[in-house]
Amino acid sequence: MEQKRLFLLDGMALIYRAFFAFSQNPRISSTGINTSATFGFVNTLLEVIQKEKPTHLAVVFDTEAPTDRHIEFEAYKANREAMPEDLAKSIPYIFRLIEGFNIPLITLDGYEADDLIGTLAKQAEKAGFTTYMMTPDKDFGQLVSANIKIYKPAHLGNGASVLGVDEILKRWEIKRVDQVIDILGLMGDAVDNIPGIPGVGEKTAIKLIAEFDTIENLLANTDKLKGKLKEKVEENKEKALLSKRLATIILDAPVQLNEKELLLEAPNEELLRELFAELEFRTLAKRIFSDVGEPRRAPIVTAQGDLFSQPAANSPVPVPAEEDEDEEESQVEQVELKTIHDTTHEYLLVEDETQISDLLKALDGTDHYCFDTETTSINAMDAELVGLSFAVKAHQAWYVPVPADQREARKLVERFRPVLEDKTKVIIAQNIKYDLMVMQNYGIELGGKLFDTMLAHYLLEADSRHNMDAMSEHYLQYKPVSITELIGKKGIAQLNMRDVPLEKIKEYAAEDSDITLQLRDIFVPKLKEQEAVSVLEEIEMPLVPVLASMEREGVMIDKNFLHLYSAELDSEAKKSEERIHSLAGVKFNIASPKQMGEVLFEKLKLDPKAKKTKTGQYQTGEDILSKLAPEHEIIKEILRYRQISKLKSTYVDALPTLIHPVSGRVHTSFNQAVAATGRLSSQNPNLQNIPIRTEMGREVRKAFIPRSEEFEILAADYSQIELRIIAALAGDEGMIRDFKDGHDIHSATASKVFNVSLEAVDKEMRRKAKMVNFGIIYGISAFGLAQRLEIPRKEAAEIIEAYFTQYPNIKKYMNDTIEGARTNGFVQTVKGRRRYIRDINSRNQTVRGFAERNAINAPIQGSAADMIKIAMIAIHEAMKKASLKSKMILQVHDELLFEVHHSEKEILKKLVIDKMKNAIQLPVPIEVEVGIGTNWLEAH
């Protein structure tokens, strides 16, 4: 009989571990998603499946609901840092990954993952399993037995290790594994905020348990202790017993071992294929599914090609047995991706006058055509044309090579001006903003109605990838020629597009236009079906030339200010360094984690339980140091030193290097198809991320200045726009009235929630109300509010209850939105932008909770995004119509930045306020705050 091997994975611990393993070199997809945690987790999952060959497997997670430990000890885990934003965004992907591998995901409100793993492990032991608890957490040592082991996955170059009874006894120098609980009770746990006995570290705890066997016996014999240790133990008896209870893993949680459900199955290829394509795990996908055994039944047919075809034999992953011999006859062959080599096509090279005339005639005879540029640079402002390609019907396209000589190039391009500027045509392209800006380099404005396949797909599938190759594989089952096939991989040896043989570039470039045209023909009916046409035609496409104009305009940077500020920060850093050395009583390299760890934890002994990495080096990350800040003044100074250093290197010293050599300005690139909510993002450089939360960070905005003394900076910012939108969406009369009466919304909320007059609201009341106002948008729970405000959960629950009593329609909106998402599968903004909520009906509570929060938040953030986009379009058109000298130069979330000419200050101010206020009509007043100054900080 096959040995039953159960692996129980501590999900959150493994995710954190995977995420921080890439902290120095995070994996970022082409769409800006940090995939570090997901990539690390899938590698960990593969390691155990392929090497350990489990028969049964499950992943176990905590939920946000409080447990008995939180109820008994309110400060339990209260010191934990908020989850990094990129890590939080990874969790839905990891849940989809687990679902794709057909692995059960186990959670239970009121119980931690440790309790569920402990309970299941003990049940499995009785059922004849050998169970491996896959976790880096030391607490699990208390559960180890002859048939229950800890499996510590490979990390930082060290292989996986299995810890049994002997290893645990040796590690803790104990006689029984249950004594792990006593040691943890004495030494406490800074991560979980288990107090232990202050001043008792690991070595002392081990010594005490070796002598007294248990905490209870120790406390009954304190007369045998001496000096300060006796004092500490006697003064903290209750803390010791409490800590032991907190550290004890529950073994009777209400969860039952279901052998059938935990049996490892073949993965759901369709789900995984879609996920891997979205996250750009191409190499990993091929590796995974070339190692998975051939299923006995036909694989699910999908549009993603052959990532799963022809897997190797002898797979460690079990597959379900055949249920019906006749089933083989109904097998469907898996779709293989077509390529240019096995697809009939006609791609024509256009070189002489006759060929140019024939092409122009074909373009003139159609009401729409696809257009693409081949260039020398991915930076549109610097790009020179290498060629143009056109397509008017599927599988047929033209390629026009453009001479390197710029005079000749302009003469050739000029031949295409009439058709490119023809306002009666629909011009189709993938990422059309780039092509529009390249053609502007040659004095040509794309005059027709624009259709961007990237933006069309973004509206159809906001959470997916929108590059042409991925869309082609998915919708056309066609794999386009890769750019690396033409010019090679990035690096010194990479060719320029001008170096590619004409026949090869012709096939590549013409194919791009052909594929883009075919995608457009697929997307048009889908846009109509999903009622997304108006959002594309009235918001996203009209915004393209606006963003192109802003990108070309750029922003003036005050190099002299940054040079002086850099010197100032350098001076501050040196003073901080001297203070740190003085507090430490020794000089050391603050940039060296090794030296810092030795000073903090060996010389100053700030934390007797300080953690080390596998290489034996102390951990000195910001999260670790922040928890130690109350212990010693040196910690605050080190954090300040790091803040200064990061600000200096990331912004103050970096911005001058990004100034364009010709324009003398910094030119960012705005992304319309990255944030699923509809918000714009910025890159190369990311000017939307200029720090504003600290005084030193805000100073950087002084570097953003007007082009000359004739101009100033004008900043216009929506006031509390998301709260105004939720009031409008919910139709809550109380909140709408507060806004109409011009009250400070947080004070007004505090007045209602705490049942005091508006005048009696103090700062603390307002702070709590503000947290609720913004937290509600993100589906905050009483537990979450209690943590953020550092108040008892009972008080947090009472505040939320009072909030919904005062604003009942807000609660109704949240419930109705979730129900609508469950029924329709999507939510939408005021203007009809849809966000499809994939997991809204998931059977897993944790996964469903994420989806519900997205459902509540997406219409709010999306409506705010639509509003500022509509305002930008209207402002751009009005400024152009009035022939203003002023320019719109930057958008940062809910704020617009302008260079305003002195003579136009009142005109522009009035125009901007009007267009921003009236972008979308709502039953709540929209307020716009406008400031003017000699730099961004002064204007803001």
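Counting of residues starts from 1 at the beginning of each chain's written sequence and follows it residue by residue. The model is predicted, so local features are restricted to residues of pLDDT at least 70 and side-chain atom pairs to those at 80 or more, both for listing and for counting; the totals for chains, interfaces and linings are taken over all residues. Side-chain numbers here rest on the full set of heavy atoms in the structure, without hydrogens or water.

Participant: I would appreciate a short explanation of the packing of aromatic side chains in the present structure.
Facilitator: Note on aromatic pairs: the rings of Phe, Tyr and Trp (six-membered ring only in Trp) are paired at centre separations within 6.5 Å, and the planes decide the class, stacked below 30 degrees, edge-to-face beyond 60, tilted for the rest. Summed over all chains, the structure comprises 16 aromatic pairs. Taking the centre distance of 5.0 Å and the plane angle of 90° together, the rings of Phe 61 and Phe 95 count as edge-to-face. Highlighted residues: Phe 61 in the loop between strand 2 (56–60) and helix 3 (68–72) and Phe 95 in helix 4 (residues 85–100), separated in sequence by 34 residues. The same class applies to Phe 61 as to Phe 95, namely buried. Ring plane angle 15° and centroid distance 5.4 Å describe the contact between Phe 390 and Phe 416, whose orientation is recorded as stacked. One end of the pair, Phe 390, is in strand 9 (residues 385–393); the other, Phe 416, is in the loop between helix 16 (406–414) and helix 17 (417–420), with 26 residues separating them in the sequence. Here Phe 390 and Phe 416 have matching classes, each one buried. In this structure an aromatic cluster arises from ring pairing among Tyr 369, Phe 371, Phe 390 and Phe 416. The rule is short: NZ of Lys or CZ of Arg within 6 Å of the ring centre and within 35 degrees of the ring normal puts a charge over the ring. Sitting over the ring of Trp 172, Arg 171 keeps its end group 3.9 Å from the ring centre. Secondary structure is summarised from DSSP: a helix means a run of H or I of at least four residues, a strand means a run of E of at least two, and numbering begins at the N terminus for each. Buried means the residue's accessible area, taken with a 1.4 Å probe over protein chains only, is under 20% of the maximum for its type, while exposed means over 50%, and partly exposed covers the values in between.

Participant: Explain the pairing of strand 9 to me, please; I cannot follow it from the model alone.
Facilitator: Looking down a regular strand, the side chains alternate between one sheet face and the other. Counting buried positions along strand 9 yields 8 of 9 residues, so the element is predominantly enclosed. Strand pairing requires that DSSP identify at least two bridges connecting the strands. Here strand 8 (residues 368–375) pairs with strand 9 via 6 bridges, running antiparallel. Bridging from a neighbouring strand, Asp 372 pairs with Ser 389 of strand 9. As defined by bridge partners, strand 9 adjoins strand 10 (residues 396–401) across 5 bridges and the pair is classed as antiparallel. In the strand pairing of strand 10, Gly 387 is matched with Pro 401. Hairpin remark: strand 9 followed by strand 10, antiparallel, with 2 residues in the connecting loop; positive phi at His 395, about 70°.

Participant: What's the story with the nonpolar core in this structure? I'm lost.
Facilitator: Within soluble globular proteins, side chains that are nonpolar generally end up buried alongside one another. Nonpolar cores were defined as sets of buried Ala, Val, Leu, Ile, Met, Phe, Trp, Tyr and Cys residues, with membership established by side-chain atoms within 4.5 Å. Phe 390, Phe 416, Leu 420, Phe 704, Tyr 718, Ile 810 and Met 872 are the most contacted members of the largest nonpolar core, which totals 190 residues. Counting residues per element, this core draws most heavily on helix 36 (residues 845–881), which supplies 15 residues. Throughout, a residue-residue contact means that at least one pair of heavy atoms, one from each residue, lies within 4.5 Å. Residue contacts for Tyr 718: discarding those within four places in its chain leaves Met 867, Ile 868, Ala 871, Asp 894, Met 916, Lys 917, Ala 919, Ile 926, Glu 927 and Val 928. Core analysis: the next-biggest nonpolar cluster, separate from the first, contains 50 residues, Val 180, Ile 206, Phe 212 and Ala 240 among them.

Participant: Sorry, what's going on with the sheet that holds strand 10 here?
Facilitator: One key point about sheets: their strands pair by backbone hydrogen bonds, in either a parallel or an antiparallel sense. Read from one edge of the open sheet, 6 strands run 7-10-9-8-11-12, paired in mixed fashion. A strand with exactly one partner marks an edge of an open sheet, and here the two such strands are strand 7 (346–349) and strand 12 (449–452). For this sheet the average axis-to-axis angle between neighbouring strands, irrespective of direction, equals 25°. Judged from the 4 bridges that link them, strand 7 and strand 10 form a sheet pairing that is parallel. When the sheet's bridge partners are listed, Tyr 347 is paired in strand 10 with Ala 397. Lying on the sheet, helix 19 (residues 453–460) is in contact with strand 11 (426–429) and strand 12; it crosses strand 12 at an angle near 60°. The axes are straight lines fitted to the C-alpha atoms, using for helices just the contacting stretch, and the angles between their N-to-C directions are given from 0 to 180°.

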